[in-house]
Amino acid sequence: LKLAWDQPWASVYLSAAHRSPPPMRLSLSVAAVGALDPWMNPNDTPTERAQKLVAEMTLDEKILLLHGQGCGYTGGYGGIDRLNVPCFHLNDGPQGFRGDAGTSTSWPASLTVAAAWDPEAMRAWGAAMGDEFYRKGAHVQLGPGLCVARIPRNGRNFEYLSGEDPYLGYVLAQPVVEGIQSAGVVANAKHWVNNNQETDRGTISENVDERTQFEIYYPVFEGAIKGNVGSFMCSYNKVCQNCNATEIGKWSCENPDTLKVDLKERLGFKGFVMSDWGATHSTSINEGLDQEQPGSNYMAAKLKTMVESGEVTQEKVDDSAVRTLWPIFQVGLFDKPNNNPQSTNVTTEAHRQLAKELSAQGTVLLKNDGVLPLKPEGPLTIAVIGSQAQLPVVHGGGSGQVVPSRVKDPLTSIRAWVGLPPLPAPVNNCSNKAYETGVDFFNNDGQTELDATSVDECCQMCSARGDCVGFSFQTARKQCWMKSDTKNMVPNSEVISGVCKNTPVPGVDCNKNVCVHYSEGLNHTEAAALATAADVTLIFGATTSSEGSDRGDLTLGDTDSLIVDVAAAAGNKVVVVAVTPGALLTPWRDQVGAVVTPLMPGQEYGDAIAEVLFGVVNPGGKLPLTFPNAANEMEITKEQWPGVNGAAFYSEKLEVGYRWYAAHDVQPAYPFGHGLSYTSFEYADLQVSGRTVTVKVSNTGDRAGQEVAQLYVKFPAEAGEPPLQLKGFSKVDLKSGETQTVTFTLDDRTFSIWDVTTHAWAVVPGTFELLVGSSSGDIRVTANTTSAVVAYV
C-alpha cells in the first residue's frame, strides 16, 4: 500500500473563544539552567528528569504547576523563578491557533480531516498545527478534540475527529497527537469524558454504563494515549457510571471513577489532567485532577491547607507535579526553550496549500448521476446560485474557531478555473457602516451566534448567510448574533446592530465558450430560470454550529426550499454543495444530479472545492458519520437527550450512529463510510489466514482514484453487540486498471468485549462474520472466522 506521504499535502508541508486571555506574565527562559542541574541530563527519561526537578521544589513551587495563572495566552501554569522554570503557555484550539485574527491558518475542521480516513493526512495536519503553535510561543495546544458523536445535533461535532465511531477515532487520534508533539508542542486530548452535548453542558449528568464507556467512548482517548499524548482536559458535565436514568453523578473533573481508576489506572495515562476553563468545583487532586484552569480557587491556597492538614499527601502533590512536567521534557522544551512571540504571523503559503489539499481530500461525493466532474474546456454554461458561493461559512464557532487572513470563496475560484476575474464586491451596509449603536434585536428567531472581532466582521458574517437579515454585535463579549428578522428592538448600550442588504455589481461572465452566471438565489423564480438556461447549476448552501449550544436542526435552512425550486426546473443538472458541521438532512437528494459536502472546509474552501468539481482532485472522502433520512430518525428520547431533571440517560448503550441503523435494519440517506469517486472499484478474493485478512481491490474506471477499504465485524449473537462494527480500514491509490491487495491484521481486541465483572477485555468465543466493502452500507465481500485463530495463534 502507498503511504499518504506520497500525497501532495505531505510534500508541500515537508518542504516547507470563549476564553479571555489573562494578564501578561513574563516567561523566563529555561536556557539559563546550568548543565549541572540534575534534571538537565539528557540521558535520563522524561519521567526521571521531571522527578528530579520536582525533588528540588518547595510545596509552594509544586503548587504553581497545579493551577492556572496569567501568561498572556488562553492559560498557563508554572513560573517558578528560583529554578528558572517558565510559565508554560496553553492556547486554543483543536483546529489551529486561536489568537489575533489573520495570523494563523484556519484549517479544515477536525471532522473534515477525519473524512479523508487517512492517518498520514492527520499526521501532516498535526505537525503543521504544532509548528504554528510553536512559532506563536505556545507550549501546549488545547487539542485535538476527540469525542464520539453520540448526538447528531451536538454543537461541537465538527471539532471532534472521531465522527461516530470509536475505532476510527482510535486510529486517527494517534498520528495527530504525534504530529503536534513532533513540533515541540504538548497535545491535549479533550474532552474527558462524555462531552456529548452542549445543551446544559455545565450541569448535565451523563449516565452511562461501564461497558459502553470502554467500547464506545474511551477507545479514541486510548488512541491518544498510544500516541503518547501529554495532557488531557476534563469536561464541564457530570458523569454517573452504571447509574439509572434519574441519578446525578459527579463532576467530570472530580470523578474518581473516570479520572483516577479508568483513565490513569486502567488506560495507563501518565500525563496530566487539566480542567476545562471553570470546570473545577473542588480541590479534587485525590480524585484524579492534576491542574485547575484558568485560576486558583481550589488548587492553590486550599490545596496547601489540605496538604498541611494531611488530607492530601505530599506524594500525591509530587505525582501531579511530575505529570505536568513529564510532557514538557518529552517534547524537548527544557532542552530547546520556546520563547517565540505570540504576535508572529505563522501562516505560510505551504500551510495554505496543505489546508487546501486536506479540505479537498476530506470532501465527500455523496451522489453523482454523471454531472460531475465539470469540463472547463467548454462549451459550457455554469449557473452558480446561493450567497454561500461568494461569502461562505468555512468554520464553526467557539474555542475551535480561527479567524483567517483570507477566505477563498467558491465563486471566485470557479471563475478563475475558466479564466474569469473575480466579481466586483457587492455593495451592502457593511460598506457604508449604517449601524445602530445601542440597539439590540432581542429575539430568538432563526438566530446563530459566532465569535467576531468587530462589528464590521459581524456584518460580513451576517451578509454571508442567506438566512440572516439582521445582526446584533455584543461589543464586550465579541459575540455576533445573526437573526432571521429584526423584531423586538430594545436599547442596550453594549450592542451594535444592523441590517444586511447586498447589491450585486455586474461583472464579466464569459471567457470564450465558457460562461459563469451568479445569483444569490433570493428570488427563487429568477434562480430557477438561470438554472434552466445553464448546462449545469451549482447551488451552494451552509449551516454551522458553535460551542455553547446544540444545533436547532439538521437542515440548510432557507437553502432547502431554494434547492427544491431550482431542481424542479433544472432537474439532474443541479449539483448541491453543502457545508455542514455534522449530520445533514437532504430531503431534495432524489431531485438533483449530484451532492457534495466538504463538511467544515476551512479558509481554502474555494480552491479546494473547485479542484473537486473540475476533477483535478478525484474525491476520496468518506463520511465519518451517518446522514439520516429524517429528523430524529434514531428516535432519541428526551431522557437520552438533552436529558430530564439534570440527567441524560444512555439507554441506547452500544447502538451509537451506524450501529443503531444496523441493529434496527434501517437504511439511512447516506451511511457511515459512504463516499463516491469519479472512478469505480471492485472487491474480490477475500481471504482469512490466521490473524491476516486480505482482499483485492481493483480500479475498474478510466481514471486514477483513492478508495478506503473498510473491514466490519459481526459478533456472535450471544455477545450482545451491534451487528456491524468497524475494525479496520485502509486507503489505497489505484491507477485505472490497477489491482492491489489490501491487508488487515486482526488481534484479540477485534473479537473482544469489555467484561464488567473482571473490568478487562475478554475475547468472545465463536464464529464471526467479516464484512469488507466501500461503506457500512455497501458491503462487497464476506467471510467467516473464529476468535480462536486470534486467541491461540
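Our structure's up above, just so we're on the same page.
Fair warning: this is a prediction, and the values are worked out from it, not measured in the lab.

A. Region of interest: empty space enclosed by the protein. Taken as a whole, the largest cavity encloses approximately 40 Å³ of empty space. Forming the boundary of the largest cavity are Gln 95, Ser 106, Trp 107, Ala 109, His 395, Gly 396, Gly 400 and Val 402. Per-class residue counts for the lining of the largest cavity are three nonpolar, five polar and no charged. Reported here for the second largest cavity is a volume of approximately 40 Å³. If you go around the second largest cavity, the residues you meet are Leu 146, Cys 147, Val 148, Val 193, Asn 194, Asn 196, Tyr 217, Val 220 and Phe 221. Each residue belonging to the lining of the second largest cavity can be placed in one class, and the counts come to seven nonpolar, two polar and no charged.

B. Region of the structure containing the nonpolar core. Counting 107 residues, the largest nonpolar core has Phe 232 and Leu 325 as its most contacted members. Setting aside residues no more than four positions away along its own chain, Leu 325 makes contact with Ala 50, Leu 53, Val 54, Met 57, Leu 65, Phe 88 and Phe 334. Counting 40 residues, the second-largest nonpolar core is a separate cluster that includes Ala 389, Val 393, Tyr 605 and Leu 613.

C. Structural context of the packing of aromatic side chains. One pass over the full model with this rule turns up 26 aromatic pairs. Where Tyr 73 meets Phe 97, the ring centres are 6.5 Å apart and the plane angle is 90°; that geometry is what we call edge-to-face. Taken together, the residues span a long stretch of sequence, with Tyr 73 in the loop between helix H3 (59-63) and strand S1 (75-80) and Phe 97 in the loop between strand S2 (85-92) and helix H4 (110-114) at a distance of 24 residues. Here Tyr 73 matches Phe 97 in class, with each residue buried. Residues Tyr 435 and Phe 471 carry aromatic rings whose centres are separated by 5.9 Å and whose planes lie at 80° to one another, so their mutual orientation is edge-to-face. Highlighted residues: Tyr 435 in the loop between helix H14 (429-432) and strand S12 (436-441) and Phe 471 in strand S14 (residues 470-474), separated in sequence by 36 residues. In terms of burial, Tyr 435 and Phe 471 fall into one category: buried. Among the aromatic side chains, those forming a connected cluster through ring pairs are Trp 192, Phe 214, Tyr 218, Phe 221, Phe 232, Phe 269, Trp 754 and Trp 761. In this structure, Arg 150 is placed above the aromatic ring of Tyr 650, and the distance from its NZ or CZ to the ring centre is 3.6 Å. Positioned above the aromatic ring of Trp 251 is the side chain of Lys 238, whose terminal nitrogen or guanidinium carbon lies 4.5 Å from the ring centre.

So, how was this worked out
Residues numbered from 1 in each chain as written. Predicted model: local features only at pLDDT ≥ 70, side-chain atom pairs only at ≥ 80, totals over all residues. Heavy atoms only, no water. 1 Å grid on protein atoms, 1.4 Å probe; cavity = no way out; pocket = protein on both sides within 12 Å on 5 of 7 lines; lining within 4 Å. Points joined across faces, edges and corners; volume = space filled by probe spheres on them. Nonpolar A, V, L, I, M, F, W, Y, C, P; charged D, E, K, R; others polar. Core = buried A, V, L, I, M, F, W, Y, C linked by side-chain atoms within 4.5 Å. Buried < 20%, exposed > 50% of the residue type's maximum accessible area, 1.4 Å probe, protein only. Contact = heavy atoms within 4.5 Å. Phe/Tyr/Trp six-rings, centres within 6.5 Å; stacked < 30°, edge-to-face > 60°. Helix = DSSP H or I, 4+ residues; strand = E, 2+ residues; numbered from the N terminus. Lys NZ or Arg CZ within 6 Å of the ring centre and 35° of its normal.

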